[in-house]
Amino acid sequence: MTPSVTPRGLVFGTVAETYERFRLGYPDEVVERTVRYAGTPVRTALEVGAGTGKATRAFASRGIAVTAVEPDPEMYSVLERETLGMPVTPVRSTYEAYDGPPVDLLYAASAMHWTAAATRWTHAADLLVPGAAVAVFGTEMRLVDDGVQDGFERARSRFLPDDRYVHEPLEGLGESGLFTDVTEEVLPRHVLMPQREFVGYLSTVSAYLMLPMALQPQAFAAVADALPDEVWVDVTVHLNLARRV
């Protein structure tokens, strides 16, 4: 099986509109807990890998001026459109290349693992005022029913026998010496989704996007056949917080 030659972190632009359609937004509680943890007023924030602006809108709706950094041109186009009229400044750039003024909060929603681990936290520290907070959060959607999950895994394994992509967005945080008060908060959440919505979500997952184009419809059809008409999905959010020294 010949995989796509597109780097894994840059495949989402090919399905930017689908990403906006099927990816879930983040609950208000993510913003509430982040702001509460910060302890001081959060007026400005930098978002790493904003995508189409799912998390961007959650923070900007609280009046926080968000600089939303996104490198992919197609994702950036949707980001601009979906945050129009909000206190959001989209910037088409990689995290590593961005060099703006320090902010009160730096956050990443399921995107920090795409950044360069060697400079991830030193760059974050440079972009934060002393004492400011960093928030890294995301969710890995998993089917709640074990039997349904097993059927899904069997169908998926026909096309993705090695789908264990390890996300380590916090690698080096504690060892950097640049952050303190590292903590994790868990926000449980289950949602009932139509089968087609869940398969639509899968069509935005990098592992599937890396498949050859000819195999992608086969993979989605196999998964759909293995699922009931509706599925309960665990979309628990893991919110990791730290404070710049």
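The structure under discussion appears in the preceding block.
This report concerns the structure included in the present document. (Residues numbered from 1 in each chain as written. Predicted model: local features only at pLDDT ≥ 70, side-chain atom pairs only at ≥ 80, totals over all residues. Heavy atoms only, no water.)

1. Here we look at the overall build of the chain
- Within the chain, the secondary structure is distributed over nine helices and ten strands.
- Its C-alpha radius of gyration of 18 Å places the chain within 12% of the 18 Å reference for a compact globule of 245 residues.
- Principal-axis analysis of the C-alpha atoms gives the chain an extent of 50 × 40 × 35 Å.
- Nonlocal contacts in the chain, meaning residues at least 24 apart in sequence, comprise 79% of its contacts between residues at least 6 apart.
- Side-chain charges in the chain split into 21 positive and 33 negative, and the spacing between the mean points of these groups amounts to 2 Å. (Helix = DSSP H or I, 4+ residues; strand = E, 2+ residues; numbered from the N terminus. Rg over C-alpha atoms; globule rule 2.2 N^0.38 Å. Contact = heavy atoms within 4.5 Å. Lys, Arg positive; Asp, Glu negative; His and termini not counted. Charge placed at Lys NZ, Arg CZ, Asp CG, Glu CD.)

2. Focus: the sheet that holds strand S1 (residues 44-48)
- In space, the seven strands of this open sheet follow the order S3-S2-S1-S4-S5-S10-S7, with mixed pairing throughout. The open sheet has two edge strands, strand S3 (88-91) and strand S7 (179-187), and neither has a second partner. When the angles between neighbouring strand axes are averaged without regard to direction, this sheet yields 20 degrees. (Pairing = 2+ DSSP bridges. Axes fitted to C-alpha atoms, helices over the stretch in contact; angles between N-to-C directions.)

3. Comments concerning the environment of Ala 155
- Note that Ala 155 resides in helix H6 (residues 146-157).
- Among the residues examined, Ala 155 registers a relative accessible area of 7% and is labelled buried.
- C-alpha of Ala 155 to C-alpha of Leu 170: the two residues are 15 residues apart in sequence and 31 Å apart in space.
- Sequence-distant contacts of Ala 155, that is, excluding residues within four places in its chain, are made with Ala 222, Val 223 and Ala 226. (Buried < 20%, exposed > 50% of the residue type's maximum accessible area, 1.4 Å probe, protein only.)

4. With respect to the pattern of salt bridges
- Under the defined criterion, the tally for this structure stands at twelve salt bridges.
- Counted as one network, the salt bridges with shared partners bring together Glu 17, Glu 20, Lys 54, Arg 57, Arg 81 and Glu 82. (Salt bridge = Lys/Arg side-chain N within 4 Å of Asp/Glu carboxyl O.)

5. Remarks on the nonpolar core
- If you look at the biggest cluster of nonpolar residues, it comprises 28 residues, and the most contacted ones within it are Phe 59, Val 66, Leu 105, Tyr 107 and Phe 137.
- Within the residue set of this core, elements represented by two or more residues are helix H2 (28-38), helix H3 (54-60), strand S2 (65-69), helix H4 (73-82), strand S4 (103-109), strand S5 (128-138) and strand S10 (237-244).
- Contacts of Val 66, omitting those with residues within four sequence positions, involve Ala 45, Glu 47, Thr 56, Phe 59, Ala 60, Pro 87, Val 88, Thr 89 and Tyr 107.
- Judged by nonpolar contacts, the second largest core, of 25 residues, contains Phe 159, Val 199, Leu 202 and Val 235. (Core = buried A, V, L, I, M, F, W, Y, C linked by side-chain atoms within 4.5 Å.)

6. Focus on unusual backbone geometry
- Of note in this structure, Ser 110 is not a glycine but carries a positive phi near 55 degrees.
- Tracing the chain through its elements places Ser 110 in the loop between S4 and helix H5 (120-126).
- Notably, Asp 181 is not glycine yet its phi reads approximately 55 degrees, a positive angle.
- Inspection of the secondary structure assignment puts Asp 181 in strand S7.

7. Let's talk about H6
- Here H6 is twelve residues long and its end C-alpha atoms lie 16 Å apart, about the 16 Å a rise of 1.5 Å per residue gives.
- Taken together, the buried positions of H6 are Val 148, Gln 149, Gly 151, Phe 152, Ala 155 and Arg 156. Projected down its long axis, H6 shows its buried positions confined to an angular sector of 160 degrees, all on one face. In H6, the exposed positions that point more than 90 degrees away from the buried face belong to Asp 146 and Arg 154.
- In the core, the buried residues of H6 are packed alongside strand S6 (142-143), helix H7 (195-202), helix H8 (206-209), helix H9 (216-226) and strand S9 (230-234).
- Capping the start of H6 is the job of one residue whose side-chain oxygen sits 2.9 Å from the backbone nitrogen of Gly 147: Asp 145. (Expected span 1.5 Å × (residues − 1). Arc of directions from axis to C-beta. Polar contact = N/O pair within 3.5 Å; in protein donor to acceptor, adjacent residues only side chain to side chain.)

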